[in-house]
Amino acid sequence: MSDYLADVAHLFRRSGFGALSDELAQYESWAWSDLVDLVLDTSRAPTTPTVPAEALDAGTENHLRAAAFLHYWLDMASRPVDQAPVVEKVTLFLSGLLPTSLVRTHDVGGAIALNQLFRSRGMDDYRDVLREAVINTAMLRYLDNVYNRVGVINENFARELLELFTLGPGVYDQQDVTEAARAWTGHGLDAAQAGYLFDAGRHDYGSKTFLGVTGALDGPDVIDIIFDQRRDDHARFMCHKLWEFFAYPVEPHQAEVSDIMAAYSAGLRIGDAIRAIFLHPRFRSAAARWALVRSPIEYLVAVMRHTDTDCSVLHPEWWCGGMGQHPFYPPNVNGWGHNEYWLTSSAGLVRLTMVNYLHAEIAQRGDLADVYPGGASSGRTSSEVVDSALANYRIAPVSATSRQSLVDYVERVRASAYGWSERTGLLHLPLLLPELVLA
Amino acid sequence: MIRGGSDPVPSSGSDAVSRRAFLHALGLAGVATALPPWLADAAATATPIRPDQGVVVVLTLEGGNDGLNTFVPVTNGLYYDHRRDLAIEPGDTLSLSGDRGLHPAMPFLKSQWSGGRLAIIDGVGQSGPDLSHFVQMDRIMAANRRDLPGSTGWLGRVLDGLDRQPLTGLAVGRRVPLLLQGEVVRGNAVPLDGGPIHAVDYADWAAGPRLDALRQASPTSDLGALGHDANRLMADAVGMALDLRAHLPSSGSDDPDIVRQLRLAALLVNADIGVRVLSVRFGDFDTHGDQLVRHAALLGSLDDALKTFYETLSPRFDDQVILLATSEFGRRVRANVNGTDHGTANSYFAIGSKVNGGFYGQQPSLANLDRWGNVHHTVDYRHVFADVLATWLGADPKGVLGLDAANIGFLSAPGTSTGGPTTPTGRPSGDDRRSQREQVARLYLAYFGRMPDDDGLDYWGRVRASGRSLVDVSDEFASSPEFLARYGALPDRQFVQLAYREVLGREGDAAGVDHWAAALGRGARRGEVFAGFSESAEFIASSRAAIDRLEFVGPLGRLYRAYFLRAPDDEGLSYWINTGMGRAEVSEQFASSSEFKSAYGDLDASGFVRMVYRNVLGRDPDGRGHVYWTSLIVGGTPRGSVMLGFSDSTEFVQKVASLHPL
């Protein structure tokens, strides 16, 4: 694979969930800037379908509602590379940045509303996204702002707003946390516990000093002060997160982060920052390719694409938790980690279990059974059946080491008493290659 | 002391109880079955631990557990002022001492306290505490010289210095925390459900060549470092599954996550595959809101999980495993509307047979708070870890943490065959005579299959209270003629096998028999083996019903009934036992009580005896008995001695026993 082709495949993995081999062939001759325009062109995204009734039905158990919505989401994410899957990638990013957990909130409706917010506006002004997210019913519950009242403040939301949503530790002090909490008093739920309500009787109208600004500050003022008074700190915080999500791990002060801050700062648009990342020369270095591990959600979507299955077959909700990432049940308010975080023996064994299951489903389908007649008696060499197996999954040419591992397998199985199981192995093993596990 | 009268001799009297009645099956069946031949090479990578090596289970309570509401300072008015509706009333706690009470959701932890197996270390924190969960969690997991978040964890750095086998450090569940990240080594993660482990099955669908392909995948990858890691990880994962599958059930469970986690942790120790360090994480303890309900639910699940852990853990590891509970911080002293915000110093706790039960450190003052209303720490958290390193893992605290061991004293060395007696000595005495007597009673059950007679129990209880260890007592039992007649001629291995059958009522698993036989081969005494069996979690669990009944049907419980016509309460029993008084002295005390005097005080000798017959034995006196006791009183015998005589009579012993059926 040429370096340019490798870069194109890399761009599709990072902007979405990876390209099938035929998609790659279709776009390999495009200029880089055209490709970046293509993957970021949100007008190419299909119309968002209606949320399935089961996900919205208050009479259904929460975990079933969450699973129904996960199906809806990941089936949507599993779309061609020229239909702006980046929108779903950003939705996933924001799900980790502004998380809520059904364990604490039991608020499926709120979680769905957040997910739809990320989808519809995640690429745009983060200030707008944040303003709406913080008064989402699930968020108000998750971080206890429903209990934040004048005189008896609850610091939970204010602290995470500063530490995890906008600035990161070290830019503010405990006094700022307390003052921000005072500003957010009274922002809670209505009497029916169904929607956001500002209760003036619970709001602290006194003077506060937050990040050096003094006044009778209200919650939304706090958000404005963060973005207006500490824009560089916020831009570094956000661009660091975005660089790590879309490119590779760096320290916050590294040049790559600084390089994209201007693009982001101008309008606080996440889409602008992503464009700057994709156009950054270091995004296209050999060190950047394969420098991320796919999160379980990304991996499961990629598997569905390569096996031509959907959520009704794969049932991602059966596997994603064991692999460490259930979108509506984050481990804590810090969301998920990246890279080695996902490379655990536990997750590896769940991948193996999933492939065992999926193989049985695919084998039943029948249409794959005759795609590549294998076995020594077929007269096809080990290399030929391996290439055929990869082509069958529409996996673009893999590295020499990965291909050799499959060839070795075929020769091993042909030499054993289990030669008849060659095709089974060739249905399993490609889905466990580093090419699928990494992004 | 009249040794002759207190030798434990098997008896067919009323106290003899069939061992069968005590022992019931535990959920350990199937452990350590023979490995299928194709797994032999894989399993060979797992190396059992030595009997003098310790295993530590670090339980991280994520989100900031509220130590003040876990170990409640029941006499501290400031606590009640600050916590208001969130405070736990003294009467609602499980009493630990005069001024501390345990959260009511934790009866199992209370039992560990009563057994001298729980150390509570107060005031654990550091200078310059951060109120961020994530900064603070990274600091306590890193535990480095500068007390800053870092790229390695303190147990990861220990793993670097150990054998570097893939199973030495394990995280239970999906994630490998910073705690287990070393410079070189990183712990593996074991899936919570057995399904993925059992998915690695050479017997299934001719999977052998496929699994071999994964196990022998190229150690390098053209994709670079992460590709290399991904390949190696899959090979490790398949190898780990092969090592573990014989030891773990394939079925799932509906138990709460933490119960499943700690059960799995115990099974991983039982597997004896070289595990030294286990990480278990549980939360979310971040109770900013709805604290009373949420915290009680969390602690209740935790208590169930701890109970499950000790019910699952093989007895032979009881002296080699400690469980250390930490949290990134405690919670604000003053309550908010219905919860507490982030705080600072907290109570850590440790459980185990080698833990020296009691309070350590110092409770932070609630009068001297920082400007945010948080307490000041009294113990550096790294000092707690330093003692675990030095005492339990044989590692150098200076090298790992950058500071020396503090010798807080909550921990004794692991194992049975080196460095001192099996049973910790030096526990705070004076409040655990009762648990010492219970240990003696278990020893009787283990050796002779019956409960002790009163005199034997009193005698050996006093021996224990005088400072001699349970192993000392066990050594004496092991020299009894009865024991020698039954076991004396057997070679070590058969001795151990017979001990499994006789004491635990099951066949010894191969690894367990090997372990004990090897220990004996190195010079361990048979008394040590029996003490290990009798204090094992398995035996403690199976004998619990009999032990719980012990003091109710014993001399003190009978005196209670004889004097006051009611069963004693548990705390009353503990109080009188822990005074250390003999039963004659207790009887004198009871006789001088106003309750007794108001009931019997006006009666003459004859009337007193008649009344005692009716009240205690429930019948009128027979002629001879009436005359005998009346004449004693007239002759100057104190009424307390008469009561003791009634209380110790065979008739009353049987009556009380029937009131507490097994």
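Conventions we followed
- Residues numbered from 1 in each chain as written.
- Chains lettered and ligands numbered in written order.
- Predicted model: local features only at pLDDT ≥ 70, side-chain atom pairs only at ≥ 80, totals over all residues.
- Heavy atoms only, no water.
- Helix = DSSP H or I, 4+ residues; strand = E, 2+ residues; numbered from the N terminus.
- Buried < 20%, exposed > 50% of the residue type's maximum accessible area, 1.4 Å probe, protein only.
- Contact = heavy atoms within 4.5 Å.
- Areas by Shrake-Rupley, 256 points an atom, 1.4 Å probe, with all protein chains shown as cover.
- Lys, Arg positive; Asp, Glu negative; His and termini not counted.
- Charge placed at Lys NZ, Arg CZ, Asp CG, Glu CD.
- Axes fitted to C-alpha atoms, helices over the stretch in contact; angles between N-to-C directions.
- Parallel < 35°, antiparallel > 145°, perpendicular 65-115°, else oblique.
- Left-handed = near helix turned anticlockwise from the far one by under 90°.
- Nonpolar A, V, L, I, M, F, W, Y, C, P; charged D, E, K, R; others polar.
- Buried area = accessible area lost by both parts, 1.4 Å probe.
- Salt bridge = Lys/Arg side-chain N within 4 Å of Asp/Glu carboxyl O.
- Phe/Tyr/Trp six-rings, centres within 6.5 Å; stacked < 30°, edge-to-face > 60°.
- Core = buried A, V, L, I, M, F, W, Y, C linked by side-chain atoms within 4.5 Å.
- Pairing = 2+ DSSP bridges.
- Arc of directions from axis to C-beta.
- Disulfide = S-S within 2.5 Å.

Enquirer: Run through the overall build of chain B, naming residues and quoting values.
Expert: Helix and strand counts for chain B come out as 32 helices and twelve strands. Each of the three principal axes of chain B carries a C-alpha extent, and together these read 100 × 70 × 40 Å. Considering chain B as a whole, with its 662 residues, one finds that 60% of them fall into the buried category. Restricting to contacts in chain B with at least 6 residues of sequence separation, those with at least 24 account for 71%. Carbon and sulfur atoms make up 51% of the accessible area of chain B, which amounts to about 24,500 Å² in all. Distance from the positive charge centre (64 side chains) to the negative charge centre (78 side chains) of chain B: 2 Å.

Enquirer: If you had to explain the packing of helix α11 (residues 156-166) of chain A against helix α12 (residues 174-183) of chain A to someone new, which residues and values would you point to?
Expert: Residues and elements named next belong to chain A. Their axes nearest at 8 Å, the elements α11 and α12 cross at an angle of 125°. By the angle class used here, α11 and α12 are oblique. Regarding α11 and α12, the two cross each other, and that crossing is right-handed. Touching A158, R159 and L162 of α11 are Q174, D176, V177, A180 and A181, all from α12. Among the residues making up the contact of α11 with α12, the classes are represented as five nonpolar, one polar and two charged.

Enquirer: Requested: an account of the interface of chain B and chain A, with residues and values cited.
Expert: Counting residues at the interface gives 57 residues for chain B, matched by 61 residues for chain A. For the chain B and chain A pair, buried surface summed over both sides reaches about 4,800 Å², with 64% attributable to carbon and sulfur atoms. Of all residues in chain B, R210, L223 and L226 of chain B bury the most surface against chain A, accounting for 15% of the area lost on that side. Seen at the junction of chain B and chain A, the total is two salt bridges. In this structure, the salt-bridge partner of D290 of chain B is R104 of chain A, at a minimum N-O distance of 3.5 Å.

Enquirer: Report on the packing of aromatic side chains, specifying residues and quantitative values.
Expert: Residues and elements named next belong to chain B. Applying the stated criterion across every chain yields a total of 60 aromatic pairs over all chains. Between F483 and F495 the ring centres are 6.3 Å apart and the planes differ by 75°, which places this aromatic pair in the edge-to-face class. Separated by twelve residues along the polypeptide, F483 in helix α19 (residues 481-487) and F495 in helix α20 (residues 492-504) bring together distant segments of the chain. For F483, a relative accessible area of 3% translates into the label buried. Ring geometry for Y560 and F590: centres 5.4 Å apart, planes at 75°, overall edge-to-face. Here Y560, found in helix α25 (residues 555-564), pairs with F590, found in helix α27 (residues 583-591); they are 30 residues apart in sequence, far enough to count as distant.

Enquirer: Please provide a residue-by-residue account of the nonpolar core, values included.
Expert: Of all hydrophobic cores here, the largest spans 134 residues; its most connected members are Y299 of chain A together with L262, L302 and F309 of chain B. Per-element tally for this core: the top contributor is helix α11 (residues 225-244) of chain B, with ten residues. Apart from the residues lying within four places of it in its own chain, the contact partners of Y299 of chain A are R294, M323, R351, M354, V355, L431, L432, L436 and V437 of chain A. L35, L40, M238 and F246 of chain A belong to the second largest nonpolar core, which has 84 residues in total.

Enquirer: Go over the pattern of salt bridges, please, and point to the residues and values.
Expert: Residue and element names in this part refer to chain B. Going through the model one piece at a time under the given rule, you end up with 72 salt bridges over all chains. With a closest N to O distance of 3.3 Å, D458 and R583 form a salt bridge. Within this pair, whereas D458 is found in helix α17 (residues 454-465), its partner R583 is found in helix α27, the two being separated by 125 residues in sequence. Per residue, the accessibility class of D458 equals that of R583, and both read buried. We note a salt bridge from R619 to E651, for which the minimum N-O separation is 2.9 Å. With a gap of 32 residues between them, R619 in the loop between α29 (605-617) and α30 (623-634) and E651 in helix α32 (residues 650-659) connect regions that are remote in the sequence. Overall, E651 belongs to the partly exposed group, its relative accessible area being 35%. Within the structure, one salt-bridge network assembled from shared partners comprises R437, D454, D455, D458, E551, R558, R583 and D648.

Enquirer: Could you give an account of the pairing of strand β6 (residues 169-172) of chain B, with specific residues and numbers?
Expert: All names here are of chain B. Side chains G169 and A171 project from β6 onto one buried face, and the interleaved L170 and V172 project onto a second face that is buried too. The pairing of β6 with strand β8 (residues 277-282) spans three bridges and is classified as parallel. Along β8, the bridge assignment pairs A171 with S279. Sheet topology note: the β6/strand β7 (residues 188-190) ladder contains three bridges and is parallel.

Enquirer: How would you summarise the environment of L70 of chain A if you had to cite specific residues and measurements?
Expert: Residue and element names in this part refer to chain A. Here L70 is to be found in helix α5 (residues 62-77). With a relative accessible area of 0%, L70 lands in the buried category. On a C-alpha basis, the gap between L70 and I112 in space is 9.7 Å, while along the polypeptide they are 42 residues apart. In contact with L70, other than residues within four places in its own chain, are I297, C311, P316, E317, C320, P327 and F328.

Enquirer: Break down α32 of chain B for me, citing the residues and quoting the values.
Expert: Residue and element names in this part refer to chain B. Along α32, the residues classified as buried are F652, V653 and V656. Buried residues along α32 cover an arc of 105° about the axis, so they all sit on one side. Seen from the buried face of α32, the exposed residues on the opposite side, beyond 90 degrees, are T650 and S658. Tucked into the core, α32 has its buried residues touching α24 (544-553), α25, α29 and α31 (639-647).

Enquirer: Tell me about the state of the cysteines, and name the residues and values.
Expert: All chains considered together, the criterion is met by zero disulfides over all chains. Of the cysteine sulfurs around C311 of chain A, a residue in no disulfide, the closest is that of C320 of chain A, at 9.8 Å.

Enquirer: Give me the pairing of strand β5 (residues 118-125) of chain B: which residues, what numbers.
Expert: All names here are of chain B. Here β5 lies mainly inside the structure; eight of its eight residues are buried. In this structure, β5 lies alongside strand β10 (residues 346-351), joined through five bridges in antiparallel fashion. In the strand pairing of β10, A119 is matched with A350.

Enquirer: Which residues make up the packing of helix α17 (residues 296-307) of chain A against helix α20 (residues 345-365) of chain A, and what are the values?
Expert: Residues and elements named next belong to chain A. The geometry of α17 relative to α20 is characterised by a closest axis approach of 12 Å and an angle of 20° between their N-to-C directions. Classified by the interaxial angle, the pair formed by α17 and α20 is roughly parallel. Our pair here, α17 against α20, has a crossing hand that is right-handed. The residues of α20 that touch α17, namely those facing Y299, L300, V303 and T307, are R351, M354, V355, L358, I362 and R365. Per-class residue counts for the contact of α17 with α20 are seven nonpolar, one polar and two charged.

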